[in-house]
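Overview (structure and organization)
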Amino acid sequence: MESSTLHTAPPLIHPLWLRLCHWLNALAMLIMVTSGWRIYNASPLFNFQFANELTLGGWLGGALQWHFAGMWLFAVNGMIYLLCNLFSGRFRQKYWPLSPREFFQDAFAALRGKLAHADLSHYNMVQKAAYLFVIADSLLLVVSGLVVWKSVQFALLRELLGGYDTARFIHFYAMSAMIGFVVVHLLMVALVPRTLLAMLRGR
C-alpha cells in the first residue's frame, strides 16, 4: 500500500498589504531623502553639502517637486499601514508587550551575534523597539516637514517645535535617524537573507 505525503505551504509571515506598504515606503523614502539632499544643498544647515550625484531633482525646483511627490506617497502609504496594523490586530500582536529587561538581553545577544532568527514571524525586543522608533521618527518627519513646507499655515506646530529654524534641524536629524535605521536594517538583511525572501514572497 502506497502512502502519499501531503506538502503544505509554509505559513504566511507577511500579508500582501504589509509587503506592498513596505516597498512603497522604501520608494517614498528614497525619493524624499535624495530630493531632500538637493533641497538641503540650496540652503545648508552645516558646513558640508551632499554630492550632486546622490541627489534627485537636478535643481531646487525639480527637487521640491520630487520631494512633494514622495511626501504624498509616504503620507498616504503610512496612513494605510497604520490603519491596517491597528484594525487587523497586528500592531498589538507584533509590538506588544514591551520589556526593557528583554530589550537589553536581546541587544546584548545581538552584539555577540547570538540573537536567534529561527522564527521570522516573531519579533524580538530589539526589532519591536526599532520598528516603533521608526514609526515615531516618521511622525516627527511629517510634523517637522509640514512646518518647513507651510510655516504660516501650521503656526501652532511651528511654535511647538521651537520655530521654523529649529524645525529644519529637527527634520534633518529625523532624516539622519531614518537613514541610520535603514543602514542597520540592510545589515541585518545581509546577515539573515531569509528576511528579504519573506518580504518578497510573504513566506
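Heads up: the structure comes first, above all this text.
Overview of the structure. Fair warning: this is a prediction, and the values are worked out from it, not measured in the lab.

1. Some details on the overall build of the protein chain
Secondary structure summary: the protein chain contains eight helices and zero strands in total. For the protein chain, the α and β elements follow one another from N to C terminus as α-α-α-α-α-α-α-α. Dimensions of the protein chain, computed from the C-alpha atoms along their principal axes, are close to 80 × 40 × 35 Å. Looking at the 203 residues of the protein chain, the share that counts as buried comes to 33%. Averaging the positions of the 15 positive and the 8 negative side-chain charges in the protein chain gives two centres separated by 3 Å.

2. Overview of the nonpolar core
General note: in soluble globular proteins, nonpolar side chains tend to be found buried as a group. Judged by nonpolar contacts, the single largest core of 24 residues is most densely connected at Met-29, Tyr-81, Leu-141, Phe-172 and Met-175. Residue assignment for this core shows that the elements contributing at least two residues are α1 (16-42), α2 (60-88), α5 (125-149) and α7 (164-191). Of the residues forming this core, the biggest block, eight residues, is contributed by α1. Split by domain, this core shows at least three residues from each of two domains, domain 1 (13-42 + 52-96) and domain 2 (99-109 + 120-202). Discounting residues that sit within four places of it in the chain, Phe-172 has contacts with Tyr-40, Leu-45, Phe-46, Phe-48 and Phe-50.

3. With respect to helix α4 (residues 100-111)
For α4, spanning 12 residues, the distance from its first C-alpha to its last is 16 Å, which sits close to the expected 16 Å at 1.5 Å a residue. Just downstream of α4 lies Gly-113, where phi reads positive at about 70 degrees.

4. Some words on the pattern of salt bridges
Enumeration over the complete set of coordinates arrives at one salt bridge. In this structure, Arg-158 and Glu-159 form a salt bridge, with 3.1 Å as the shortest nitrogen-oxygen distance.

The rules behind these values
Residues numbered from 1 in each chain as written. Predicted model: local features only at pLDDT ≥ 70, side-chain atom pairs only at ≥ 80, totals over all residues. Heavy atoms only, no water. Helix = DSSP H or I, 4+ residues; strand = E, 2+ residues; numbered from the N terminus. Buried < 20%, exposed > 50% of the residue type's maximum accessible area, 1.4 Å probe, protein only. Lys, Arg positive; Asp, Glu negative; His and termini not counted. Charge placed at Lys NZ, Arg CZ, Asp CG, Glu CD. Core = buried A, V, L, I, M, F, W, Y, C linked by side-chain atoms within 4.5 Å. Domains from an automatic or database assignment. Contact = heavy atoms within 4.5 Å. Expected span 1.5 Å × (residues − 1). Salt bridge = Lys/Arg side-chain N within 4 Å of Asp/Glu carboxyl O.

Purely geometric numbers; function is a separate question.
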